[in-house]
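Each chain, letter by letter, is given below.
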Amino acid sequence: DTAVSQTPKYLVTQMGNDKSIKCEQNLGHDTMYWYKQDSKKFLKIMFSYNNKELIINETVPNRFSPKSPDKAHLNLHINSLELGDSAVYFCASSGHPREHQETQYFGPGTRLLVL
Amino acid sequence: GDSVTQMEGPVTLSEEAFLTINCTYTATGYPSLFWYVQYPGEGLQLLLKATKADDKGSNKGFEATYRKETTSFHLEKGSVQVSDSAVYFCALSPYGGATNKLIFGTGTLLAVQP
C-alpha cells in the first residue's frame with residue numbers, strides 16, 4: 001500500500017492554464033505539506049495543513065491555493081501557470097504539527113512542466 | 001534564520017569506498033536533524049535522523065552523529081555500493097514554534113561506480 005500518493009505523476013501544460021495536483025495519505029497523520037523542488041534539486045516548503053487548517057504559508061504567490069477537504073487529502077491548485085512554476089512538487093505528511101522530531105513521509109512527486 | 005549547508009556534489013566514488021557527506025546547520029535551540037535520500041525518479045525517503053545532541057542515527061550502513069558543538073551532522077558509510085547512487089539531503093526541523101517544517105540543504109549527488 002502506498003503511504004503518500006500523488007496524482008498526476010507528470011503534468012505538461014501551457015502557460016496561463018490552471019491545473020491541480022492531488023495528494024492522499026493513508027497513514028492516519030494529522031499534518032500534510034507541499035514542497036517545491038526546483039531544477040537544481042533545491043527543496044523548499046510551500047504550505048502545511050493540520051486537520052484541514054492552514055498553518056504554514058511560506059510567501060508563495062497567491063496563484064497557488066491549497067485545499068484540504070479532509071485530513072487525509074491535500075490538493076494544490078495553481079492558477080495562471082508561469083514558466084517558473086516548472087518544478088517537482090512533493091506532498092508529505094507527519095503525525096503532529098509541533099513535534100519537531102516527527103518524520104515526514106513523502107509522496108513520489110509530480111513533475112510539472114509549463115511550456 | 002535557520003539554514004542547512006551541505007557539501008557540493010557530485011561525489012564520485014568506487015564501490016566499497018568510504019563515504020562522507022558534510023552537513024552543518026544554523027538554528028536556534030535544539031532542532032531535529034535528518035538525512036533523506038532521493039533515488040533517481042523517485043520521492044524522498046528518510047534515511048536516518050537524530051533528535052538531540054550526541055544522538056547517532058543509523059540505517060542501511062549509513063551513520064550520522066548530532067554534534068551540537070560543531071553544529072554538524074555528517075553522513076558516513078564505510079563501504080558504498082552502486083545501489084547507493086542517489087541524491088542525499090540533509091535537513092533540520094526547528095525546535096519549538098507553531099509548526100513542524102523541514103529546512104533542506106541543497107542536496108549532494110552521489111555516484112558510485114563499479
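Located above this text is the structure these notes cover.
Computed from a predicted structure; not experimentally measured.

Definitions and limits used
In every chain, residue numbers begin from 1 and rise along the written sequence. Naming scheme: in the order in which they are written, chains are lettered from A and ligands are numbered from 1. Under the rules for a predicted model, residues below a pLDDT of 70 receive no local features and side-chain atom pairs below 80 are neither given nor counted, while totals for whole chains, interfaces and linings still include all residues. Just so you know, side-chain values use all the structure's heavy atoms and leave hydrogens and water out. Numbered from the N terminus, helices here are DSSP runs of H or I no shorter than four residues, and strands are runs of E no shorter than two. The size measure is the radius of gyration over C-alpha atoms, and the globule rule it meets is 2.2 Å times the number of residues to the 0.38 power. Only protein chains enter the calculation, and the probe is 1.4 Å; a residue is then buried if its accessible area is under 20% of its type maximum, exposed if over 50%, and partly exposed in between. One bridge is not enough; two strands pair if DSSP finds at least two bridges between them. Only C-alpha atoms enter the line fits that serve as axes; for helices the fit covers just the stretch in contact. Angles between N-to-C directions range over 0 to 180 degrees. The term nonpolar core refers to a set of buried residues drawn from Ala, Val, Leu, Ile, Met, Phe, Trp, Tyr and Cys, joined through side-chain atoms within 4.5 Å. Contacts are assigned to residue pairs that have any heavy atoms within 4.5 Å of one another.

Chemist: Could you clarify how one ought to interpret the overall build of chain B in this entry?
Modeler: From N to C terminus, chain B includes 0 helices and 12 strands. When the elements of chain B are put in sequence order from the N terminus, they spell out β-β-β-β-β-β-β-β-β-β-β-β. Against the compact-globule benchmark of 13 Å for 114 residues, chain B has a radius of gyration of 14 Å, which places it among compact chains. Seen through its C-alpha atoms, chain B measures out along the principal axes to roughly 45 × 30 × 20 Å. Relative to its full complement of 114 residues, chain B shows a buried share of 46%.

Chemist: Is there a simple way to explain the sheet that holds strand 8 (residues 73-78) of chain A in this structure?
Modeler: All names here are of chain A. Pairing in this open sheet of 4 strands is antiparallel, and the strands run 1-3-8-7 from one edge to the other. Each end of this open sheet is capped by a strand with a single partner; those strands are strand 1 (4-7) and strand 7 (64-70). Neighbour-to-neighbour, the strand axes of this sheet turn through a mean angle of 20 degrees, independent of strand direction. Judged from the 4 bridges that link them, strand 3 (residues 19-25) and strand 8 form a sheet pairing that is antiparallel. Following the sheet pairing, Ile-21 is matched in strand 8 by Leu-76.

Chemist: I would appreciate a short explanation of the sheet that holds strand 8 (residues 62-65) of chain B in the present structure.
Modeler: Across a sheet, paired strands are connected by hydrogen bonds in the backbone, their directions being either parallel or antiparallel. All names here are of chain B. With antiparallel pairing, 4 strands are arranged side by side in an open sheet as 3-9-8-7. Among the strands making up the open sheet, the edge pair consists of strand 3 (19-21) and strand 7 (56-59). Strand after strand, the sheet turns through a mean of 15 degrees between neighbouring axes, direction not considered. Across 4 bridges, the pairing between strand 7 and strand 8 is antiparallel. Directly across from Gly-57, in strand 8, lies its bridge partner Ala-64.

Chemist: Explain the nonpolar core to me, please; I cannot follow it from the model alone.
Modeler: Nonpolar side chains tend to gather and get buried jointly when the protein is soluble and globular. Leu19(B), Trp35(B), Leu47(B), Leu48(B), Phe73(B), Leu75(B) and Tyr88(B) are the most contacted members of the largest nonpolar core, which has 27 residues in total. Looking at this core, the elements that each hand over two or more residues are strand 2 (11-14), strand 3, strand 4 (23-26), strand 5 (32-38), strand 6 (44-50), strand 8, strand 10 (86-93) and strand 12 (108-113) of chain B. A total of 4 residues in this core trace back to one element, the largest contributor, which is strand 10 of chain B. The residues contacting Leu48(B), other than those within four sequence positions of it, are Leu33(B), Phe34(B), Trp35(B), Gly57(B), Ser58(B), Asn59(B), Phe62(B), Glu63(B), Ala64(B), Phe73(B) and Leu75(B). Judged by nonpolar contacts, the second largest core, of 20 residues, contains Cys23(A), Trp34(A), Val60(A) and Leu81(A).

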